[in-house]
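Examination of the molecular architecture
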Amino acid sequence: MRTTTSTKAVAIAAGQIAACTLLCFNGSSAFNNAVFPHSSSTFLGRTSGWTTTSLAAQRRGRPKGPVRTIEVKPPMNNEIEQNELRVVTPNPKGKDDILGVMSKAEALEMAKELGGLDLILINPNADPPVCSIQDYSKYRYNKEKKSKEKKKANKSNELKEVKMTYKIDSGDYDVRKKSADKFINQGNRVKCTIQFKGREVQHEKLGVDLLNKLAADLTKICVMEGKPKREGRSLSCIMTPRPEITKNLNEKKRKEDKDKKQKSEERKILLKEKKEAAIAAGMDTVDVDEEISGLDRLLDDDDDDTTLDDLLD
């Protein structure tokens, strides 16, 4: 009898302790902070500090996917704050046509009269600020095209590199020389590097002799800028194309641009004849008009760009 009573008392006491513990875990933040100081909240039904920290660690770095580019639009139309403006309009044959200095209201009215075009602020730092009357979509297209051409020009004149060791075999040397020859004929500068490992650095003179040999083999198309320079465990020099190579590349590019423009003009004449035939037959000419307008934009862009002839003159 005594054993049964003591067993019941122990069970009741254990149940009370469990209930108190559960209550503390569910509702007492002081208990949690005392026992688990790194936890920012309770265990049941809430997120712990450890979980939050681990999720934050997983989310570090740039999000997946392509890099987002935010377009910064220039102030247009009623967004322009200045009241006195110098207004210009683009001319396909060359420089912009200056319409003069006028008020903002007069410029907006003129843009409306010219076919509902946009008044775009292109130089806010001038006195007075300069605005251009043109279609914003065409302005954006021309800006992106010039940016791409600038990147392409920088890429065509980038610095290439050819690496080798001073113990290079004749066959591997011919491969490196062929690569340097190709880069220079493309108009690029070439960095020729001799790499040393460990104690090989004491044979610097052999590396200098190898670079001088390479410069002598390519002397018809390039020149060496200065003398070979030591950079840590490597020895390098830069080869620059001769002026004749650069001139030939410029002439080739001018010829390609002229051929491209001539083909576009010939295509435009054929489309106009096709349009006249379609009109005579009573057919729809929407597709032909769209293609002609596309060729007009292409020819206008070619006229707007600064040609190599102008640069050389």
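Sequence order as written defines the numbering, with residues in each chain counted from 1. Totals for whole chains, interfaces and linings use all residues, but because this is a predicted model, local features are given only for residues with pLDDT of at least 70 and pairs of side-chain atoms are given and counted only at 80 or more. Side-chain measures here rest on the full set of heavy atoms in the structure, leaving out hydrogens and waters.

**Re the overall build of the chain**
Only DSSP runs of H or I covering at least 4 residues are called helices, and only runs of E covering at least 2 are called strands; the numbering of each starts at the N terminus. Within the chain one finds 10 helices and 8 strands. Note on definitions: a residue-residue contact is assigned when non-hydrogen atoms from the two residues lie within 4.5 Å. Within the chain, counting contacts between residues at least 6 apart in sequence, those at least 24 apart form 57% of the total. The method behind every accessible area is Shrake-Rupley, applied with a 1.4 Å probe, and residues are considered shielded solely by the protein chains displayed. With an accessible surface of roughly 22,500 Å², the chain has 53% of that area assigned to carbon and sulfur atoms.

**So, the nonpolar core**
Counting residues in each nonpolar core, the largest one holds 23 residues, and the members touching the most others are M164, V190, I194 and M239. Each residue touching M164, except ones within four places of it in the same chain, is listed here: Y173, R176, T193, I194, Q195, L210, L211 and L214. Counting 10 residues, the second largest nonpolar core, distinct from the first, contains L85, L119, C131 and I133. Put simply, buried Ala, Val, Leu, Ile, Met, Phe, Trp, Tyr and Cys residues joined by side-chain atoms within 4.5 Å make one nonpolar core. Burial here depends on accessible area, computed with a 1.4 Å probe over protein chains only, as a share of the maximum for the residue type. Under 20% is buried, over 50% is exposed, and the range in between is partly exposed.

**A few points about the side chain of S132**
Along the polypeptide, S132 turns up in strand β4 (residues 130-134). For S132, a relative accessible area of 1% puts it in the buried group. Within polar-contact distance, the side chain of S132 engages the side chain of Q134 at 2.9 Å. For the purposes of these results, a polar contact is taken to be a pair of N or O atoms within 3.5 Å, where, inside protein, one atom must be able to donate a hydrogen and its partner to accept one; residues adjacent in sequence count only when each atom of the pair is a side-chain atom.

**Notes on the confidence of the model for the chain**
Each residue carries a pLDDT value, the predictor's own confidence for that position, ranging from 0 to 100. For the chain, mean pLDDT is 75; residues scoring 70 or higher make up 65% of the total. Across residues 27-32, confidence stays below pLDDT 50; counting only partners more than four residues off in sequence or on other chains, it has 9 contacts. Taken as a whole, residues 303-313 scores under 50 in pLDDT and shows 15 contacts with residues more than four places along the chain or in a different chain.

**Comments concerning the packing of aromatic side chains**
Centres within 6.5 Å make a pair out of two Phe, Tyr or Trp rings, where for Trp the six-membered ring is used; the pair is then stacked when the planes are under 30 degrees apart, edge-to-face when over 60, and tilted otherwise. A complete count under the given rule lists 2 aromatic pairs for this structure. Judged by centre distance (6.2 Å) and plane angle (35°), the rings of Y136 and Y139 are tilted. Of this pair, Y136 and Y139 both sit in helix α5 (residues 136-156), 3 residues apart, which is roughly one turn of that helix. The same class applies to Y136 as to Y139, namely buried. In this structure, K213 packs its charged tip against the face of Y173, placed 4.6 Å from the ring centre. Only lysine NZ and arginine CZ atoms are considered, and such an atom sits over a ring when it is within 6 Å of the ring centre and within 35 degrees of the ring normal.

**Details of the sheet that holds strand β7 (residues 222-231)**
The sheet built from 4 strands is open, its strands ordered β5-β6-β8-β7 with mixed pairing. Two strands lie at the open edges of the sheet, namely β5 (159-164) and β7, each paired on one side alone. Between one strand axis and the next, the sheet turns by 20° as a mean value, whatever way the strands run. Across 7 bridges, the pairing between β7 and strand β8 (residues 234-241) is antiparallel. What sits directly across from V223, in β8, is T240. On the sheet, helix α6 (residues 170-185) packs against β5, β6 (189-195), β7 and β8 and is oriented at approximately 175° with respect to β5. Fitted lines through C-alpha atoms give the axes, limited to the stretch in contact for helices. The angle between two N-to-C directions lies from 0 to 180 degrees. Those strands touched by helix α7 (residues 204-217) are β5, β6, β7 and β8, and its axis lies near 15° from that of β8. Only strands joined by at least two bridges in the DSSP assignment are considered to pair.

**Some details on the pattern of salt bridges**
Every case where a carboxyl oxygen of Asp or Glu lies within 4 Å of a side-chain nitrogen of Lys or Arg is listed as a salt bridge. Within this structure, the stated rule accounts for 7 salt bridges. Note that R189 is salt-bridged to E225, the shortest N-O span being 3.2 Å. With R189 in strand β6 and E225 in strand β7, the pair connects residues that are 36 residues apart, well separated along the chain. The partner of K255 in a salt bridge is D259, and the shortest N-O contact between them spans 3.4 Å. Residue K255 and its partner D259 are located together in helix α8 (residues 243-280), separated by 4 residues, close to a single helical turn. A relative accessible area of 55% places K255 in the exposed class.

**Details of α7**
How far a helix is expected to stretch is found by multiplying one less than its residue total by 1.5 Å. An ideal rise of 1.5 Å per residue puts 20 Å on 14 residues; α7 measures up with 20 Å between its terminal C-alpha atoms. Burial in α7 covers these residues: G207, L210, L211, L214 and A215. Considered in projection along α7, the buried side chains sweep an arc of 140° and stay on one side of the axis. At its buried positions, α7 is contacted by β5, α6, β6, β7 and β8. Arc definition: directions from the helix axis to the C-beta atoms.

**Side note on α6**
End to end, α6 covers 22 Å across 16 residues, agreeing with the expected 22 Å (1.5 Å per residue, within 8%). Burial in α6 covers these residues: Y173, A180, F183 and I184. The buried residues of α6 occupy one face: seen down the axis, they fall within an arc of 95°. Check the buried side of α6 and you find it contacts β5, β6, α7, β7, β8 and α8. Of the residues flanking the end of α6, it is G187, one or two places downstream, whose phi is positive at about 95°.

**Some words on the sheet that holds strand β1 (residues 84-89)**
The strands making up a sheet are joined through hydrogen bonds of the backbone, oriented either antiparallel or parallel. An order of β2-β1-β4-β3 is seen for the 4 strands of this open sheet, with the pairing classed as mixed. Edge positions in the sheet fall to β2 (97-103) and β3 (118-123), since each has one partner strand and no second. Averaged over all pairs of adjacent strands, the angle between strand axes in this sheet comes to 35°, irrespective of strand direction. In the packing of helix α4 (residues 104-113) onto the sheet, the strands contacted are β1, β2, β3 and β4, and the crossing angle to β2 comes to about 135°.

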